[in-house]
Amino acid sequence: MPGQATEIDADNPEPRTFASVLRAQQGMVFSIAYHFLRDRSAAEEVAQDVFLQLHRRFDEFETDAHITFWLRKVASHRSIDYVRKRKSFAISLDYAPAPSTGAEPEDHFLNRRLQSLIASLPEKPRMVMILRYQEDLMPEEISSVLDMPVRTVKSHLQRSLAILREKIDRSMGDVR
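About the criteria used
Each chain has its residues counted from 1, following the order in which its sequence is written. Per-residue local features are limited, in this predicted model, to residues with pLDDT of at least 70; the limit for side-chain atom pairs, both in listing and counting, is 80 or more; totals at the level of whole chains, interfaces and linings are taken over all residues. The basis for every side-chain value is the complete set of non-hydrogen atoms in the structure, without hydrogens or water. Two rings belonging to Phe, Tyr or Trp (six-membered ring only in the last case) form a pair when the distance between their centres is within 6.5 Å. Interplanar angles under 30 degrees mark stacking, angles over 60 mark edge-to-face geometry, and anything in between is tilted. Note on conventions: DSSP H or I runs of at least 4 residues are helices, E runs of at least 2 residues are strands, and numbering of each starts at the N terminus. Working definition: with a 1.4 Å probe on protein chains only, accessible area under 20% of the residue-type maximum means buried, over 50% means exposed, and in between means partly exposed. Between N-to-C directions, angles cover 0 to 180 degrees, with each direction set by a line fitted to C-alpha atoms, over the stretch in contact for helices. By the definition adopted for this analysis, an angle is roughly parallel if under 35 degrees, roughly antiparallel if over 145, roughly perpendicular if from 65 to 115, and oblique otherwise. Two helices that cross are described as forming a left-handed crossing if the nearer one is turned anticlockwise from the farther one by less than a right angle, and a right-handed crossing if clockwise. The contact criterion used throughout is that any non-hydrogen atoms of two residues lie within 4.5 Å. Any residue that is not Ala, Val, Leu, Ile, Met, Phe, Trp, Tyr, Cys, Pro, Asp, Glu, Lys or Arg is counted as polar, Gly included; the first ten are nonpolar and the last four charged. The term polar contact refers here to a pair of N or O atoms within 3.5 Å; inside protein, the definition further demands a hydrogen-donor-capable atom paired with an acceptor-capable atom, and it admits residues adjacent in sequence only when both atoms are side-chain atoms. By salt bridge we mean one thing: a side-chain nitrogen of Lys or Arg within 4 Å of a carboxyl oxygen of Asp or Glu.

A.B. asks: Account for the packing of aromatic side chains, with residues named and values stated.
C.D. replies: All chains considered together, the criterion is met by 3 aromatic pairs. An angle of 20 degrees between the planes, with centres 5.7 Å apart, marks the rings of Phe30 and Tyr34 as stacked. Residue Phe30 and its partner Tyr34 are located together in helix α1 (residues 18–37), separated by 4 residues, close to a single helical turn. Note on Phe30: relative accessible area 18%, which makes it buried. Judged by its relative accessible area of 0%, Tyr34 is buried.

A.B. asks: I'd like a rundown of the packing of α1 against helix α3 (residues 64–85), residues and numbers included.
C.D. replies: Look at α1 against α3: their axes get within 9 Å of each other, and the N-to-C directions meet at 30 degrees. In terms of their interaxial angle, α1 and α3 are classed as roughly parallel. Both α1 and α3 take part in a crossing whose hand is right-handed. On α3, the residues that touch Val21, Gln25, Met28, Val29, Ile32, Ala33, Phe36 and Leu37 of α1 are Ile67, Thr68, Leu71, Arg72, Ala75, Ser76, Ser79, Ile80, Tyr82 and Val83. Split into classes, the residues belonging to the contact of α1 with α3 amount to 13 nonpolar, 4 polar and 1 charged.

A.B. asks: Residues and numbers for the packing of helix α2 (residues 40–57) against α3, please.
C.D. replies: Running from N to C, α2 and α3 cross one another at 135 degrees; their axes reach a closest spacing of 9 Å. Judged by the angle between their axes, α2 and α3 are oblique. Like other packed secondary-structure pairs, α2 and α3 cross with a definite hand, here right-handed. For the pair α2 and α3, the contacting residues are Ala42, Glu45, Val46, Asp49, Val50, Phe51, Gln53, Leu54 and Arg57 in the first and Ile67, Trp70, Leu71, Val74, Ala75, Arg78, Ser79 and Tyr82 in the second. Looking at the contact of α2 with α3 residue by residue, the classes come out as 11 nonpolar, 2 polar and 4 charged.

A.B. asks: Got a sec to walk through the side chain of Ser76? Specific residues and values, please.
C.D. replies: Looking at the element boundaries, Ser76 is found in helix α3. Under the relative-accessibility criterion, Ser76 is labelled buried at 0%. Polar side-chain contacts of Ser76 include one of 2.8 Å to the backbone oxygen of Arg72. Setting aside residues up to four positions removed in sequence, Ser76 forms contacts with Ile32, Met127, Leu131, Val145 and Leu146.

A.B. asks: Give a detailed account of unusual backbone geometry, specifying residues and quantitative values.
C.D. replies: Positive phi, close to 60 degrees, is recorded for Asp136, a residue that is not glycine. Counting through the fold element by element, Asp136 comes out in the loop between α5 (123–134) and α6 (139–146). Positive phi outside glycine occurs at Asp147, with the angle close to 55 degrees. When you line up the elements, Asp147 lands in the loop between α6 and α7 (150–172). Here Asp147 falls in the exposed class, since its relative accessible area comes to 53%.

A.B. asks: Explain the pattern of salt bridges residue by residue, including any values.
C.D. replies: Pairs can form between side chains of opposite charge whenever their charged atoms are close. A complete count under the given rule lists 9 salt bridges for this structure. Measuring nitrogen to oxygen at the nearest pair gives 3.3 Å for the salt bridge that ties Arg78 to Asp81. Placement of both Arg78 and Asp81 in helix α3 is noted, with a separation of 3 residues, approximately one turn of the helix. The class for Arg78 is partly exposed, based on a relative accessible area of 27%. The residue Arg84 makes a salt bridge to Glu123 at a minimum N-O spacing of 3.0 Å. Pair noted here: Arg84 is in helix α3 and Glu123 is in helix α5, with a separation of 39 residues, a long-range link. Judged by its relative accessible area of 40%, Arg84 falls in the partly exposed class. One continuous salt-bridge network, built from bridges that share partners, spans Asp49, Arg78 and Asp81.

Interpretation note: all reported values are geometric properties and have no functional meaning in isolation.
Written out as structure tokens, the structure reads:
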């Protein structure tokens, strides 16, 4: 029966159950979806879909690391799919609640502006940026999660950072 695996992972002496994995990983899955979609209810919908899929396949996973990798991958792809299905996706950062992932930076305007600029990137480069700078994954890990070559990941990162710098410079004018 799915969700009742009792295998013990070497890193975790407790038996692995679906409920324990859900508790341990729900923040990460929601964070990926929320930072990509910038919509709490959409992120909850994506996270629910991801965990439903996990529940159906729970007995196929051998280690906690495999589950974590799979969850990142599916959360990333489901978030991109969610946007593609809703062509009229609108980003309203003024009304979006901030995720509870830690302390806010001192400059709230800069934080909102940066979130808006990242949200303006195309889907795949945006997800690459979120996985790199929000989830702190290395390009090789992002490559595996998104099924793209490492060079493509690095290219997305380089181009996205250049685009963001250019947009920030344009919006701030010649301050220097």
